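Residues per chain, in single letters:
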Amino acid sequence: MIGSQPVSPRPIGGRHRLRRMIYRPEFGALLAALVVYGFFAWGTRGNGFVTLNGTASWMNSTAELGILAVPVALLLIGGEFDLSIGAMVGMTSIILAAGTTHYELPIGISILIAVLVGAAVGLINGFTTVKTGLPSFIVTLGMMMAILGTSLGLARTLVGSPIVSLNTEGFFESLFASRWRQFNVSILWWFAVAALATWVLARTRTGNWILATGGDTQAAREAGVPTDRVKIGLFVAVSLGAVLVGVIQALEFNSGDVSRGTAFIFNTIIASVIGGVLLRGGYGSAVGAVLGATTFGVVSVGIFYTGWETDWAQLFLGVLLFAAVLANSFFRKLALSR
Amino acid sequence: MTEHQASEHVHEVLPPILELQSITKRFDNVLALHDVSMQINPGEVHCLLGDNGAGKSTLIKIFSGVHQQTSGNMCLEGASISFANPREARDRGIATVHQGTGVLPLMSVARNFFVGSEPTRGKGVLRRMDMAEARRVSLEQIQALGIRRVEDADQLVGTLSGGERQALAISRALYFGARVLILDEPTAALGVREAQTVLKLIRRVRHRGVAVVLVTHNAYHALAVGDRFTILIHGEAADSFVQGERTREEVLNLMAGGEELEDLQLELEEIDAEFTPSA
Ligand SMILES: Nc1ncnc2c1ncn2[C@@H]1O[C@H](COP(=O)(O)OP(=O)(O)OP(=O)(O)O)[C@@H](O)[C@H]1O
Ligand SMILES: [Mg+2]
């Protein structure tokens, strides 16, 4: 290289390491998760929240949110929204239920069909957003309506009701819906998805492209990042995440339900934002989404153990979201001002 | 000064790397450039001066493949050439750093440096970004431009000053093979100290034998680092000269379109007169 002088990297001491941790996007989320868990563990002591069963209960509820929150976080970091995931969760469960009961297809084939439909939905979302330049908020809102309408129509014509039951056993049942004590296998899926997303975002060049695309699409494109491909890929990943959750829920509840996934639309975004993902893109981490989902799960399940009216959970989550956003923006400013 | 003259002597023998011959550019009804000729030499800073709307941006956009000329000829190392898009220009070693510098404030120095051209290691599914290499090279390249305060490659670029961001953008362009570096108003948004940092950067780049095209409104900055100057007025090359041939006053007057500075003085006096209480 030209004019290269030896560069001595800064020595990394203990204090330096601590500072670096504070500057990470998920630091606020780590604090939030610890504080909230401590709050409920202490506030409900004696009620079984910290027992094995209590832990299984919040982890199960967190896992399904987390499986979807992780790809949603990547999509947000890439600068886009997807409101159609909830409908995709519902449609997946309908495809599985109708496929196995009405058409008597093997469950494996039904799952394959759901995966193909999910990939197609992601591709359409991605292509439409990228090619028209419309906000993905609008594009995926339209997609959400389209999917809801289709699954409702399918369920009604085929079975005559928006809820379709299904029954499976064997390999796929244990793959997606088995348990160890009270712990669902979905927890393992959640960890696997989180590990994969962390690897991609933090370690691969695709991860660098996602951060750059969300940070400044124009600048990223000028630097040679295939921003369209990045965004389309993220839409497909999110949609496949929705299919995975749909499959898990269908096999767990032994039914398909058109409107089952609705809560995921905003809860995944809330989990991501609590987790330190910047809503306008370009900043955040997969670990943050994991911590955000954990916080969310601990609150929504922990509230049962307090013995309070569960209606308060919403208020609690609202305040928490607000506090987390303030904390995250504080830590981000700190990272930008050293 | 002796160093300057010595290097100038060397430049005389090098052929121009880029040459414009009678370039005209028309947008519908607007004649943005008319019959402009200029030469860009390696190891020289060529300043492009002119008022708003004079055609500076249009000219560098022809260099960098954003626009194509309506008529006239462009030569790269003596061979006639035309770039269909910015990518082609970049592949031939012509890099542009815009005022926004195209850096990403919420990403680290190392990640920014390699955006779009990440070094990787490992194969197949284990193929990953070589972060150690990215950290090492980015610091080395930025520090080689004299910016020693950047010493942590994991630092977010949002924490860098304006001059340091320019250094990042410029060192990145050079590392990826730029032979012609086009800087569009690099000092415009900067304070005095930061502007000086950028001028020093430009001088270092020049000593590496890179051809620099510096677009600026600021005659002081131009005269401080420029070797050769072209002044555009209403799309025409009104004057072109080398370092030392024009005084600061002459340059300022030329940029303002000749007599206008003196006119301004008269008009200001008229305004003062309006506000003087008359008996
Ligand atoms: N894409 C375009 N379409 C039509 N007219 C254009 C276009 N680009 C530039 N022009 C016109 O060409 C002329 C020269 O513009 P240009 O941007 O090159 O000026 P400039 O010297 O860069 O000015 P400034 O100092 O304000 O950046 C102006 O009259 C401008 O309106
Ligand atoms: Mg301009």
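Residues numbered from 1 in each chain as written. Chains lettered and ligands numbered in written order. Predicted model: local features only at pLDDT ≥ 70, side-chain atom pairs only at ≥ 80, totals over all residues. Heavy atoms only, no water.

Before going further, it helps to spend a moment on the site of ligand 1. Residues and elements named next belong to chain B. All residues adjacent to ligand 1 are Phe27, Val30, Ala32, Asp51, Asn52, Gly53, Ala54, Gly55, Lys56, Ser57, Thr58 and His217. At 3.3 Å, a side-chain N or O of His217 approaches an oxygen atom of ligand 1. Look at ligand 1: alone it shows 640 Å² of surface, and the protein chains cover 60% of it. When contributions to the shell around ligand 1 are tallied by element, the ones reaching two or more residues are β2 (30–40) and α2 (56–63). Partitioned by chemical class, the residues of the shell around ligand 1 number four nonpolar, six polar and two charged. (Near = heavy atom within 4 Å. Polar contact = N/O pair within 3.5 Å; in protein donor to acceptor, adjacent residues only side chain to side chain. Areas by Shrake-Rupley, 256 points an atom, 1.4 Å probe, with all protein chains shown as cover. Helix = DSSP H or I, 4+ residues; strand = E, 2+ residues; numbered from the N terminus. Nonpolar A, V, L, I, M, F, W, Y, C, P; charged D, E, K, R; others polar.)

With that settled, consider the interface of chain B and chain A. Counting residues at the interface gives 36 residues for chain B and 34 residues for chain A. Between chain B and chain A the total buried area reaches about 2900 Å² when both faces are included, carbon and sulfur atoms providing 55% of it. Where chain B packs against chain A, one counts one salt bridge. When the shortest N-O distance is used, the salt bridge between B:Glu118 and A:Arg205 registers 3.7 Å. The interface formed by chain B and chain A holds six residue pairs in polar contact (both at pLDDT 80 or more) in total. Counting residues per element, the ones that place at least two in the side of chain B that touches chain A are α3 (86–91), β8 (128–129) and α5 (131–143) of chain B. (Contact = heavy atoms within 4.5 Å. Buried area = accessible area lost by both parts, 1.4 Å probe. Salt bridge = Lys/Arg side-chain N within 4 Å of Asp/Glu carboxyl O.)

A separate point is helix α6 (residues 162–175) of chain B. All names here are of chain B. Relative to the 20 Å expected for 14 residues at 1.5 Å per residue, α6 spans 20 Å between its end C-alpha atoms, a close match to the ideal helical length. Burial of α6 is extensive: 11 of the 14 residues sit out of reach of the surface. All of the buried residues along α6 are Gly163, Glu164, Gln166, Ala167, Leu168, Ala169, Ile170, Ser171, Arg172, Ala173 and Leu174. Of the surrounding elements, those touching the buried residues of α6 are β6 (94–97), α4 (109–113), α5, β9 (180–184) and α7 (192–207). A positive backbone phi angle near 95 degrees is found at Gly177, which sits one or two residues after α6. (Expected span 1.5 Å × (residues − 1). Buried < 20%, exposed > 50% of the residue type's maximum accessible area, 1.4 Å probe, protein only.)

To continue, consider the nonpolar core. The biggest cluster of nonpolar side chains holds 91 residues, and the ones touching the most others in it are A:Val70, A:Leu96 and A:Leu251. Ranked by the residues each element gives to this core, the list is headed by helix α3 (residues 52–77) of chain A, at 15 residues. Those residues in contact with A:Leu96 that sit more than four places away from it in its chain are A:Ile107, A:Ser110, A:Ile111, A:Ala114, A:Leu166, A:Val247, A:Ala250 and A:Leu251. Counting 48 residues, the second-largest nonpolar core is a separate cluster that includes B:Ala153, B:Ala167, B:Ile170 and B:Ala178. (Core = buried A, V, L, I, M, F, W, Y, C linked by side-chain atoms within 4.5 Å.)

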